[in-house]
Amino acid sequence: PTTPPETKQKQQQSFHSWLLETNTPDTFAYKGSRLSFVAICCAAGILSGIIGGVCGVHGPPIIAVYSLIQMDKDSVRATSTAISI
């Protein structure tokens, strides 16, 4: 059973519109520049990979980023679940 291209495109458009509606610029508490935020996220990702490779615990650097942007715990859990699937 394959999804027709029109249906798939409508699903993608609805997801993108939902994403834009729910993630307004004031959603995150981080008020620094976009470049510094990207640098922090990249550093956290690299550190998470290194720590995960060494001892199998990937979470602490990523949780620090979630703390930095003051993301609520339900969103963190939903994001982590979606990534894990």
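All right, on to helix α3 (residues 59–68) then. Here α3 has its buried residues at Pro 61, Val 65 and Tyr 66. Taken end-on, α3 shows its buried residues confined to a sector of 145°, consistent with a single buried face. On its buried face, α3 sits against α2 (34–55) and α4 (73–84). Remark: Gln 70 follows α3 within two positions and exhibits a positive phi of approximately 55°.

Moving on, we get to the confidence of the model for the protein chain. Overall, the prediction assigns the protein chain a mean pLDDT of 76, with 67% of residues at 70 or greater. When mean pLDDT is taken per element in the protein chain, α2 scores highest with 89 and helix α1 (residues 5–22) scores lowest with 63.

What follows concerns the side chain of Ser 48. For Ser 48, the position within the fold is in helix α2. You can call Ser 48 buried: its relative accessible area is 7%. In this structure Ser 48 touches His 58, Pro 61 and Ile 62, once residues within four positions along its chain are discounted.

What follows deals with α2. For α2, built from 22 residues, the straight-helix expectation of 32 Å at 1.5 Å per residue is met to within 8% by its first-to-last C-alpha distance of 31 Å. Among all positions of α2, only Ala 44, Ser 48 and Gly 52 are buried. Considered in projection along α2, the buried side chains sweep an arc of 60° and stay on one side of the axis. For α2, the exposed residues lying more than 90 degrees away from the buried face are Leu 35, Ile 46, Ile 50, Gly 53 and Val 54. Residues of α2 that are buried make contact with α3. Among the residues trailing α2, Gly 56 stands out with phi positive, at a value near 80°.

How each quantity is defined
- Residues numbered from 1 in each chain as written.
- Predicted model: local features only at pLDDT ≥ 70, side-chain atom pairs only at ≥ 80, totals over all residues.
- Heavy atoms only, no water.
- Buried < 20%, exposed > 50% of the residue type's maximum accessible area, 1.4 Å probe, protein only.
- Helix = DSSP H or I, 4+ residues; strand = E, 2+ residues; numbered from the N terminus.
- Arc of directions from axis to C-beta.
- Contact = heavy atoms within 4.5 Å.
- pLDDT = per-residue confidence, 0-100.
- Expected span 1.5 Å × (residues − 1).

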